[in-house]
Each structure stands twice: as C-alpha cells, then as structure tokens.
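# Topology and contacts: notes
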Amino acid sequence: MARRLAYIDWMRGLACVLMFQTHCYDSWMSPEAKKSSSLIGWSRLGGTLPAPLFIFLAGVSFALVTEKLREKGIERNAIAKQTILRGAEILGMGLLFRVQEFALGYPWSPWTDLLRVDVLNILGLSMMLMGVLCWATGEGDVAAARTRTLAAGILTAAAVAMATPPLWTTHRLKFLPWPMESYINGVHIFKEPQPWLFPLFPWSAFAFAGLAVGFFLFTDFAKRREVTAFAALGGVGVLACPLSIFFDSSSIHLYAVYDYWHSGPNFLLMRCGILLIILFLVYAWCRWGLAQKGFSPIIQLGKTSLLVYWVHIEFVYGRFSILPKGQCSALKTTTGLITIFLAMLGLSLARTTWKKWRLRASKQNPAATAASEGS
C-alpha cells in the first residue's frame, strides 16, 4: 500500500508542476514573447493535463477510502455520510476560494466570478455524486459491492461523456438560471458553454473513471498480480487513444453538433487513455525508478496539492503576483516559475512538518488532545 500512496502522491505532484508552469507562462509572458517563443505552445499542451489528473485521482482515492471502510465492516450509510460530507467540504472550499479571489481582486473583479464553476467546485460535487453511487451499489458482501461499483463507475463515466454534446448544444437546459446551468455545461454569463470552465458534463466523467480504476486495484486479480494489473491499465490506455481517433473519423454521426476538442466523448476517451498510460508509467517509476530514492519534491507537493493549488494562484494571477503580468520575457517567466516551485515546495514542507509536530504533541499529551476535542 505504501507504493500505492506514493504513486498517487507522485501523480498529484506532477499535476501541480504542470499547473504551475501553465499558469506562470500564461500570466506573466508578454504577448510578444508568446508569439516569438515555442515554449508557450508546449506549456499549453502540458496545461491540458492537471485538471483531468486531479479529478481522476480524486476518483481513485475515493475508491481506496471507500473500499477500506467496507473491508472494516462499516455500514454503507455511514460510509456514504462520511464521503459525501467530504465532498461537500471540498465544494465549500471551492466557493470560499471564489470569495477570496473576488475580495482580493475588488473592485476589478466582476461579481459574477463568485459563481464561476472551477476545479474545486466540480471536485466536490463529483465526490458527492460518487458517494451516492457507492451507497447505491454498496449493499451485500464486499466483493460483490466492489464489482457493482466498478461497473457502475464505468457506465456512469460513459453516460456523462455521451450526454455532454447535446447538453452543450441542442438540448441545453436554458430554463435554468445561468449559475445553475453553468454547473451542467459551463455557460457562465455567456451565450455559449465555455471550454475553460469545469462543468459536471464532461468533467465528472474523469472522477467516475478514476473510481472504477480504484476499485479495480482492489480486485483479487490486482492484489495477486499488481504489476500485471497496472500494465493492463496502461494497455487499455494505449488502446483507447487510437480508438478515439477511429471513432472520430467514422462516418457514423450520433450528434447534430459535434466538437471533438471540447465536448466530444471521443476526446474524453483519448484523455482517459492518456491518464491510464501516465498511471502505469508513474507506478513503474515509483516501484522501480528513483521516485522513492531519498526525498522526492514531486511526492511532497502531491501530499499538499490542495494547499499549493490554493496559494500559488494569488502569487501568479492575483494581486500579489511576484512578476508583472503580461510583461515578461520567456527567461524571466521561467525564473519566476522556478521561484514559485521552490516557494510552494517550502510551503508544502512546512505544512507536513506542522502536521507531524501536532501528531507527536497529541501522542505525548493525550489529556490535552481529549480536552481540545471536547471543547
């Protein structure tokens, strides 16, 4: 299980690094530097991965937590309550983050930004929906519940992907107020859905795909042949990529309006394939590579991904940006990126050190801990 935690943290850390570079180059590089440097193209390509990685890994982690609770014999209502409340907590953090950004950006920030659908919002909602799914499929013995939840995760991810194109185009829920419709298709205050937002359709599909992967890793087959199981997931990922291209080029059209790059289920299939390939490669790196040889800054960032996500935004896009926005060369921006990376790594280390100190203090003084819990 140590390796499992390591590969999850390493993937989260990878998402953090990719997120840092995307945000830094987007925020600080001048328009002239963006035109003259090929760096921005590679940066934007890498920027397509962090959000799917974070949401996919939320599904994997959700499955690991749920399976452990099931194996301990905890009743499914109690599991649902615990996991759904955790999702509600993340959703609350997402709403609080929007309030913070509005307050720090006042008076320039429009009030509508308070209701913008961002990654944390959809992470929280996806976790709540996964909690409901796990409750619905969690009756009976652990093995049977695992199989049902695995299958339900795959089917739900596919259903979300297939429902996305009409919900973005021909069957939009226009009768809903825009803040509510935006959670379905990311329309926000505009006339059309915006691909830079994170609505449930299609983004929750990554969470349900991760949920299925997480439960697969608890099957008897995966426990007996862990390496083979991860290799199989990587193989499925490799197969998914050409299948995506094949379906995209097919003469059969299921939708009146089809957009491969934003709402099409075939592009989601491609990205899920890439996520599975990354999962296998990271697992291999953590098992046989240098990922756990000494201190790993990537794993460290992954342990506190929510914190560094929250904080770095303000120092890149916000009022406290460490470099002038839209005015820097590629070299100066890269220097700023290194600074952000080191600063967030230091913050991450401080956070984990503080948590370890609190844990040691609670063990040394259980009476104080009991008193604080009772207050």
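The preceding data block contains the structure.
My aim in this report is to walk through the structure given alongside it, one point at a time. Predicted model only: the values in this text are computed from it and were never measured.

### Comments concerning the packing of helix α4 (residues 50-71) against helix α7 (residues 142-168)
- Where α4 contacts α7, the axes come no closer than 10 Å and their chain directions differ by 160°. By the angle between their axes, α4 is roughly antiparallel relative to α7. Between α4 and α7 lies a crossing whose hand is right-handed. Where α4 approaches α7, its residues Glu67, Arg70 and Glu71 are matched on the opposing element by Val142, Ala145, Arg146 and Thr149.
- Taken together, the residues of the contact of α4 with α7 break down into two nonpolar, one polar and four charged.

### So, a nonpolar patch on the surface
- The grouping of Leu239, Leu243, Phe246 and Phe247 at the surface amounts to a nonpolar patch, some 390 Å² of accessible area in total.
- For Leu243, the position within the fold is in helix α11 (residues 226-249).
- According to the relative accessible area criterion, Leu243 is partly exposed, its value standing at 32%.

### A short note on the pattern of salt bridges
- Applying the stated rule across the entire model yields eleven salt bridges.
- Here Arg86 and Glu89 are joined by a salt bridge, their closest N and O atoms 3.0 Å apart. Here the residue Arg86 and the residue Glu89 both occupy positions in helix α5 (residues 76-105), the gap between them amounting to three residues, near one helical turn.
- For Glu89, a relative accessible area of 39% puts it in the partly exposed group.
- A salt bridge links Asp118 to Arg116; its shortest N-O distance comes to 3.6 Å.
- Judged by its relative accessible area of 21%, Arg116 falls in the partly exposed class.
- Among the charged side chains, a salt-bridge network with shared partners connects Arg98, Arg116 and Asp118.

What counts and how
Residues numbered from 1 in each chain as written. Predicted model: local features only at pLDDT ≥ 70, side-chain atom pairs only at ≥ 80, totals over all residues. Heavy atoms only, no water. Axes fitted to C-alpha atoms, helices over the stretch in contact; angles between N-to-C directions. Helix = DSSP H or I, 4+ residues; strand = E, 2+ residues; numbered from the N terminus. Parallel < 35°, antiparallel > 145°, perpendicular 65-115°, else oblique. Left-handed = near helix turned anticlockwise from the far one by under 90°. Contact = heavy atoms within 4.5 Å. Nonpolar A, V, L, I, M, F, W, Y, C, P; charged D, E, K, R; others polar. Patch = residues over 30% accessible without salt bridge, like charges linked within 9 Å, V, L, I, M, F, W, Y side chains within 5 Å. Areas by Shrake-Rupley, 256 points an atom, 1.4 Å probe, with all protein chains shown as cover. Salt bridge = Lys/Arg side-chain N within 4 Å of Asp/Glu carboxyl O. Buried < 20%, exposed > 50% of the residue type's maximum accessible area, 1.4 Å probe, protein only.

The quantities given are spatial measurements derived from coordinates; they are silent on function.
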